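What the coordinates show
Spelled out from the first residue to the last, the chains are:
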Amino acid sequence: MSFKIGLIGKPNAGKSTLFSAITATEVEIANYPFTTIQPNIGTSFIIRDCPEVLIHKKCTPNHGSCTNGKRLIPVQVVDVPGLIEGASEGKGMGNQFLQSVTDANSLILVFDAKEAFSSKDPEGSISNEIHEIKQEIIRWSSGIIERDWEKFAKKADSADERVEKSLIKKVGYLGIDEKSIHEILQIGSLPQKLSIWDHDTIVSFSEVLFSRIKPVIPLGNKADLLQRDELMTIKKSFPDIYLISAEYELALQRAVSHGIIKTRIPPFDPTDKATSAQREVLEKIDSFLQSEMISRPFDILGKIVQDILDLITVYPVYDESTWSDRNGNILPDAFLLKKGSTPLDLAFMVHSEIGEGFIRAIDCKTKMVIGKDHELKEGDVIRIISKTK
Ligand SMILES: Nc1nc2c(ncn2[C@@H]2O[C@H](COP(=O)(O)OP(=O)(O)OP(=O)(O)O)[C@@H](O)[C@H]2O)c(=O)[nH]1
Ligand SMILES: [Mg+2]
């Protein structure tokens, strides 16, 4: 399963700059709104401790890479065109924006933290911006649900089926299941009879739906332009907001790709290629990153995957003693699975035939046989034994 993280926000917030920094893809970046017209799609990474260290061998990943026991596991990132109020009615890049939201598992809401301080009430301006963007998404999804609602609701109420099943026909495209719909109806105390739902009921439904299935993570960008006390103001009022400088992150990414530094992790040790001007910039970035208020994008992606999407990393292998596939590649694959997943879920993820022919699995760390209902955990190395060869 591939997980997609969408970068959303108002025009000029720095989404494409961040996208470029974390996917190492050059895209158009400019100081005017609506630079991005079509979504950019790229691959970024989350970093996990690789089980290779436990067997003292070097792994050979099919995707991503691994250095010194730190495995880079690919996740998809979408850079979405800037959003303005009225996008749900197709204004600005409305349609492209909202289509990308549908596909993403989680959304990073990028805002220009510097701009917030050009207003008299920075905190108010930040919470407004976050609220407005969330509302625009809700308006859009409510609009889709409301289309032909009367006809749909009448038919659903007269059919002999559970309300959850009927609603799946409306919102299933968002990747939600009946169980979650059931919970949403309970959380929102929404009526079971759909024909009595009015506009406000549909909006409430959309609100709970989105907060559950598309978590939005706010991220204040352009922190390099803020004073320390301004950074503190944001952190104090919004402890959950991450603060970054996409511009500095992109500079570091480019420095790595040009061989000026080896990694993006400070302290930087510039190579002979670095000019004195570049060394100066690197020093400035290094001291900026020292601040405990500043986050790094890869750490943020890691937290989203682990704490918000609740995913664990599991490594399927063919041979439980060498932890390799049939061709001798060590720990070739890393799969991201929902917490609570079982060896049977993993088997289906590897291949539907392997899932159908599932017999048992082996936990390669303990060499114990585990059944199809056993709960997998972070970093497990699993051999699946299936009728399918
Ligand atoms: N100082 C500073 N400038 C930044 C930062 N991130 C982006 N910028 C600048 O902000 C401007 C807009 O950046 P983009 O990445 O194109 O913004 P966007 O959100 O993709 O904009 P749209 O595609 O129009 O929605 C550019 O001039 C960037 O160089 C940052 O962290 N610090
Ligand atoms: Mg852009």
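One structure accompanies this document, and this report is about it.

Quick notes on the rules
- Residues numbered from 1 in each chain as written.
- Chains lettered and ligands numbered in written order.
- Predicted model: local features only at pLDDT ≥ 70, side-chain atom pairs only at ≥ 80, totals over all residues.
- Helix = DSSP H or I, 4+ residues; strand = E, 2+ residues; numbered from the N terminus.
- Contact = placed C-beta atoms within 7 Å.
- Pairing = 2+ DSSP bridges.
- Axes fitted to C-alpha atoms, helices over the stretch in contact; angles between N-to-C directions.
- Parallel < 35°, antiparallel > 145°, perpendicular 65-115°, else oblique.
- Left-handed = near helix turned anticlockwise from the far one by under 90°.
- Nonpolar A, V, L, I, M, F, W, Y, C, P; charged D, E, K, R; others polar.

1. Considerations on the environment of K338
As for its placement among the helices and strands, K338 is situated in strand β9 (residues 335–338). Sequence spacing of K338 and L311 is 27 residues, and the spatial spacing of their C-alpha atoms is 4.5 Å. Beyond its immediate stretch of four places on either side in the chain, K338 contacts D310 and L311.

2. Focus: the sheet that holds strand β8 (residues 311–317)
Backbone hydrogen bonds hold the strands of a sheet together, and the pairing may be parallel or antiparallel. Read from one edge to the other, the open sheet built from five strands follows the order β9-β8-β12-β10-β11, with strand pairing classed as mixed. The strands lining the two open edges of the sheet, one partner per strand, are β9 and β11 (368–370). Taking the axes of each pair of neighbouring strands and ignoring which way they run, one obtains an average angle of 40 degrees across the sheet. Bridge count between β8 and β9: four bridges; the pairing is antiparallel. Considered in β9, the bridge of V314 is made with F335. In this fold helix α14 (residues 343–350) packs onto β8, β9, β10 (358–363), β11 and β12 (380–386), with an angle of close to 75 degrees to the strand it touches most, β12.

3. So, the packing of helix α8 (residues 178–187) against helix α9 (residues 199–213)
Across the interface, α8 lies against α9 with an axial gap of 9 Å and an inter-helix angle of 130 degrees. Accordingly, the angle class assigned to the pair α8 and α9 is oblique. Seen along the crossing, α8 lies across α9 with a hand that is right-handed. Facing S180, I184 and I187 of α8, the residues of α9 in contact are F205, V208, L209, R212 and I213. Of the residues in the contact of α8 with α9, the class split is six nonpolar, one polar and one charged.

Interpretation note: all reported values are geometric properties and have no functional meaning in isolation.
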